[in-house]
Amino acid sequence: MTFEEIKKTLEDGLKGKIRELTNPFPRRMTLWVDKADAVEACRVLKEKAGFYHLSTITGRDTGDKLEALYHFAQNGMSLTLRLQTDRNNPVLPTATVVYPGAVFYEREVHDLVGITFEGHSDMRPLVLPEEWPQGVYPLRKDWKYNREKGAIE
Amino acid sequence: MSTFILPVGPQHPALKEPTSFRFMVDGETVVDADLRLGYNHRGIEKGCEERTYIQDLYMLERVCGICSNVHMTVFAQGVEKLMGIEPPKRGLFIRCLMGELERVHSHLLWLGVAGHEVGFDTFFMYTWRDREIVEDILEMISGNRVNYGMQTFGGVRRDLDEMQIKKALEGIAALKARTPYYLNIGATEPTLVARIAGVGKLPKEKALELNAAGPTTRASGVDFDVRKDDPYAGFGEHIPFNIVTDEGGDVLARVVVRAKELMESYNICEFILKNLPAGEIRVKAPRKVPEGEVVSRAEAQRGECIHYIRSNGSDKPDRVKVRAPTLANWPATLYMLRGGYVADIPIVMAAIDPCLSCTDRMAVISDVRKGTEQVMDWEGLRRYGIEFHRKRGIKL
Amino acid sequence: MDILKIFLYLLVYPGLLFLFVYSTFVEWVDRKLYAKFQNRMGPMHTGSHGILQPIADFVKLMAKEDIVPAEADAKMFNAVPALALASVLTAGLLLPVWHFSSAVQSATSFQGDIIVLAYLLSLPTFAYFLAGWASASMYAAIGGVRVLTLLFAYEVPMFLAILSPAVMAGSWRMAEIAAYYQANPWHLLINVFGFVVAVICLQAKLERVPFDIPHAETEVVGGAFTEYSGRKLAMFRLLADIQMVVGAGMIAALFLGGFPGGLIPGFLWFVVKTLAIVFILAAMRSVTARIRIDQMVSFSWKWLAPLALLQLVIVIFLKGYLQ
């Protein structure tokens, strides 16, 4: 599908819920919706717009908000779905109900950026060790890695 | 017999890299499988934010040994988009050639590993011997056997001369003559087929639902290939190729798909070497990158490789996200393992060609305790280690 | 003098020392052949073309630290390798290569020695199981269970197969069976199916590819030997080599006409025939992949056991016809 076709499908499927829909590069598009509409957006993307593949989820710290970017793909088009959430209460609905393949991506984002995915069956750490301290998320901007002068130097 | 837990990893002969599986086993049958990653975390994503783009390029090459060139390509072409520059055609062709040669060496390596996992070491010895041919070509072109350092922003770093083209063509012709033999062995040798046919079934619906990538999903009949869907580095407009799919959905189908992809890659390499356009190999790239964000994708040997790059106008990126194909294939792997035999665990796991250092790349393990400013001296660390193991019932 | 002779017999020839040296040589041949089949060199550095490599490996393992896991049943863990090694060494004494006359019965050549030999060759399998059990390790336990499952698969076809030449020759003594075939060489052709079954079963008994299921390294690490190290592991490895020699010798005695011609020619025949069987075993392991335990069991009961039975039926009918 071309950008125009997808745009029309999404505008039909998500009436008035689209905050932003752009086409920055050829074969790339960005969709921004409120987090309350996230699951519906996923459903429309999968069932109507033909985005069968979820490539990954990027967690990002914008400074005042936390952002989750879902990268979807279909033949000839790659779409990024942008969701934002508060830093103080970083919760997003899980996409696993629509895309079961998101299981590990959500766990990874939870580990590293600290966004909790509501409805995800299993939020154990995936990539960080068990004894990693609670509430410390390495990919947030306020987390700095200071290498101690240790035995190696 | 009651169920018990069979640990596979972090250290296990079937795994060439550390990861940890917990299999609930009932006799010889796997009831459930769980996965724990993170033994290879090097904090590369965080590290990228603290380094300049050109430093990141070489750091991202070190995400993985086998698919080093792919990560470099993906990052380079993403940053090129943000910079608004377009590499010259000769540069794109050489970029594509490197990707395909890397695919050849990776697939040959995988065929051997698959043979070894089912105890067919002769297959392993033969394919790895032939893999030397492509390694020699790569070394001749780039100077290195593993991390080639060929890509840069705006093109590639080394050119090919007539002599190299001739030698590369000879090597590829030799490989082209050998590969049908492996396809034949892989698809007909009775004990090998007995071990891989019907094992690790992944139906088409499940492959789509679990977002598998690469040869794993193509062997389930999904024609998902970034080279076709989202052409890059000269694919699509300049370089012709075919997608290989198979309807089998089992390990045998994955062997067949990979062996046929080898043939496809030889054809692509020959096409590039014979039709290499004249001209420059790179254009000059600016040091700073304008603000913006981009998703860059490429078809690695194991599937779709995707980078998300966000720039903030400086010479350092604001966020780099790397997703290597192996992570995309884990949900499908766990699905394939459930209900199978213990004996099939290694080959099913190997069938997605897992690359764990690709998968684990973004957390910093070494500073577990320093993260909380809870600095320990060596003695404290030692006591902590003993305590840690005692809690888990291991005597020291 | 007699006591000295017995000691020499037990410890030097054909006992411990000879079997040790010859089995390491056979292992070297096996490794070289395997390497050649795989387009490799194989061992090259220790001795001429690496001929001393198996001995060097053995010495190295003997020098390594010997660890007994804290959870293991130490008594059984320690006793099992020695018992298993003793049983194959005893089996080695029964081979008819050291007896030149079928007329005289002795302590190592008697009616029914073939049964004793087969029994002694089976003991290590139980030892492997006990070793796995005593190790108190997950992988060792799975390996031990697989050893027993495999035993049920190959043992019956093996016994059926070695039955037929004995029935044909009308004797339960290997020296007499060999003598019968030396007198009637054409009768060897009758036992072709039995020979095939016996060789395949020997491969399974030795737990080599495609039947190395109990210690498939990519699945269960080291199988029953996972926890073993140092000299106990060295004993297990040595015993596998000796088992190969004795097993090949048994098949040569029963299916290839034994070792005629007295002291020196008999010994040369022994070397030639065991190496021929080792060649088959090495070829088998280089052209196959490891099969799964359930495939092994069904293969053995669908093909090996019926084939061995067919062989027995052929032998019984032919025996009636020829007389």
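Every value quoted in this text rests on a predicted model; they were computed, and no experiment measured them.

Glancing now at the nonpolar core. One finds L10, L45, Y70, F72 and L81 of chain A together with F23 of chain B to be the most contacted residues of the largest nonpolar core, which totals 161 residues. Sort the elements by how many residues they give to this core and helix α4 (residues 89-117) of chain B lands first, with 13 residues. With near-sequence residues (within four places) excluded, L45 of chain A lies in contact with L10, L31, G50, F51, F72, L79, L81 and Y99 of chain A. In this structure, L85, L148, L254 and I277 of chain C belong to the second largest nonpolar core, which totals 88 residues.

Residue and element names in this part refer to chain C. Here F225 is to be found in the loop between α9 (217-220) and α10 (230-255). F225 sits 96 residues away from F129 along the chain, and the two C-alpha atoms are 9.8 Å apart. If we ignore the near neighbours within four places in the chain, the residues touching F225 are Y128, L233 and F236.

Glancing now at the sheet that holds strand β4 (residues 65-74) of chain A. Residue and element names in this part refer to chain A. Judged by pairing direction, the sheet is mixed, and its 5 strands sit side by side in the order β1-β2-β5-β4-β3 without closing on themselves. In this open sheet, the two strands that pair with only one neighbour each are β1 (18-22) and β3 (53-61). Ignoring which end each strand starts from, the neighbouring axes of this sheet average 20° apart. Packed onto the sheet, helix α3 (residues 103-112) meets β3 and β4 and runs at close to 5° relative to β3.

In this section: the interface of chain C and chain B. With 26 residues of chain C at the interface, the matching set in chain B holds 31 residues. Counting the surface lost from both chain C and chain B, the interface buries some 2600 Å², and carbon and sulfur atoms represent 55% of this. Looking at the side of chain C facing chain B, the largest losses of area belong to T218, E219 and R292 of chain C, adding up to 23% of the total buried there. In this structure, the connection of chain C to chain B is made through 1 salt bridge.

Moving on: the interface of chain A and chain B. The interface of chain A with chain B comprises 49 residues on the first partner and 52 residues on the second. Of the roughly 4600 Å² buried between chain A and chain B, counting both surfaces, carbon and sulfur atoms make up 54%. Of all residues in chain A, R28, F104 and L139 of chain A bury the most surface against chain B, accounting for 13% of the area lost on that side. Where chain A touches chain B, the interface holds 7 salt bridges. Between the two partners, chain A and chain B, sit 19 residue pairs in polar contact (both at pLDDT 80 or more). At the level of elements, β2 (28-33), β3, β4, β5 (77-86) and α3 of chain A are the ones that each hand at least two residues to the side of chain A that touches chain B. No other element matches β3 of chain A, which puts 8 residues into the side of chain A that touches chain B. Residues belonging to the side of chain A that touches chain B are distributed by class as follows: 24 nonpolar, 13 polar and 12 charged.

Let us look at the arrangement of the chains. Where 2 pairs of chains are in contact, the pair with the most contacts is made of chains A and B. A gap remains between chain A and chain C, with no contact made and the closest C-alpha atoms lying 24 Å from each other.

This next bit is on the packing of aromatic side chains. Counting across every chain of the model gives 31 aromatic pairs over all chains. Measuring from ring centre to ring centre gives 6.3 Å for Y70 of chain A and F72 of chain A, while their planes differ by 10°; the resulting arrangement is stacked. The burial state of Y70 of chain A is the same as that of F72 of chain A; both residues are buried. Ring geometry for F259 of chain C and F270 of chain C: centres 5.4 Å apart, planes at 75°, overall edge-to-face.

So, on to the pairing of strand β7 (residues 303-311) of chain B. Residues and elements named next belong to chain B. Most of β7 is tucked away, with 9 of its 9 residues classed as buried. Here strand β6 (residues 292-300) hands over to β7 after 2 residues, the two strands then running antiparallel side by side. With 6 bridges connecting them, β7 and strand β8 (residues 317-323) associate as antiparallel partners. Across the sheet, residue Y308 finds its bridge partner in β8, namely K321. Hairpin connection, β7 to β8: the antiparallel pair is bridged by 5 residues, and G313 has positive phi, about 90°.

With that settled, consider the sheet that holds strand β3 (residues 29-36) of chain B. Residue and element names in this part refer to chain B. In spatial order, the strands read β1-β2-β3; together these 3 strands make up an open sheet with antiparallel pairing. The outermost strands of the open sheet, each flanked by one partner alone, are β1 (4-8) and β3. Strand-to-strand twist across the sheet, computed as the mean angle between neighbouring axes with direction ignored, equals 25°. Where strand β2 (residues 20-26) and β3 come together, 7 bridges link them in antiparallel fashion. In the strand pairing of β3, F23 is matched with A33.

Residue and element names in this part refer to chain C. Within helix α3 (residues 53-63), the full set of buried residues consists of Q53, P54, D57, F58 and L61. Here the buried residues of α3 occupy an arc of 140° about the axis, which is enough to place them on one side. Away from the buried face of α3 by more than 90 degrees, exposed residues V59 and A63 are located. Packed against the buried residues of α3 are α2 (16-37) and α10.

Before going further, it helps to examine the environment of V113 of chain A. All names here are of chain A. Along the chain, the position of V113 falls in the loop between α3 and β7 (116-118). Its relative accessible area of 1% is what places V113 among the buried residues. Separated by 42 residues in the primary sequence, V113 and H71 have C-alpha atoms spaced 17 Å apart.

All right, on to the confidence of the model for chain B then. Overall, the prediction assigns chain B a mean pLDDT of 83, with 89% of residues at 70 or greater. Taken together, the stretch residues 361-381 of chain B has pLDDT below 50 and engages in 45 contacts with residues farther than four places along the chain or on a different chain.

All names here are of chain B. Packing of helix α5 (residues 121-142) against helix α6 (residues 162-188) leaves a shortest axis separation of 10 Å and a crossing angle of 160°. Relative to α6, α5 is oriented roughly antiparallel. In the packing of α5 onto α6, the handedness of the crossing is left-handed. Contacts between α5 and α6 involve F123, Y126, T127, D130, I133, V134, I137, M140 and I141 from the first element and Q164, K167, A168, G171, I172, A174, L175, R178, Y182 and I185 from the second. Partitioning the contact of α5 with α6 into residue classes produces 13 nonpolar, 3 polar and 3 charged.

Residue and element names in this part refer to chain B. Tracing the sequence through the fold places R131 in helix α5. A polar atom in the side chain of R131 sits 2.8 Å from the side chain of E135. Discounting chain neighbours no more than four positions away, the residues touching R131 are H105, L108 and L109.

About the cut-offs
- Residues numbered from 1 in each chain as written.
- Chains lettered and ligands numbered in written order.
- Predicted model: local features only at pLDDT ≥ 70, side-chain atom pairs only at ≥ 80, totals over all residues.
- Heavy atoms only, no water.
- Core = buried A, V, L, I, M, F, W, Y, C linked by side-chain atoms within 4.5 Å.
- Buried < 20%, exposed > 50% of the residue type's maximum accessible area, 1.4 Å probe, protein only.
- Helix = DSSP H or I, 4+ residues; strand = E, 2+ residues; numbered from the N terminus.
- Contact = heavy atoms within 4.5 Å.
- Pairing = 2+ DSSP bridges.
- Axes fitted to C-alpha atoms, helices over the stretch in contact; angles between N-to-C directions.
- Buried area = accessible area lost by both parts, 1.4 Å probe.
- Salt bridge = Lys/Arg side-chain N within 4 Å of Asp/Glu carboxyl O.
- Polar contact = N/O pair within 3.5 Å; in protein donor to acceptor, adjacent residues only side chain to side chain.
- Nonpolar A, V, L, I, M, F, W, Y, C, P; charged D, E, K, R; others polar.
- Phe/Tyr/Trp six-rings, centres within 6.5 Å; stacked < 30°, edge-to-face > 60°.
- Arc of directions from axis to C-beta.
- pLDDT = per-residue confidence, 0-100.
- Parallel < 35°, antiparallel > 145°, perpendicular 65-115°, else oblique.
- Left-handed = near helix turned anticlockwise from the far one by under 90°.

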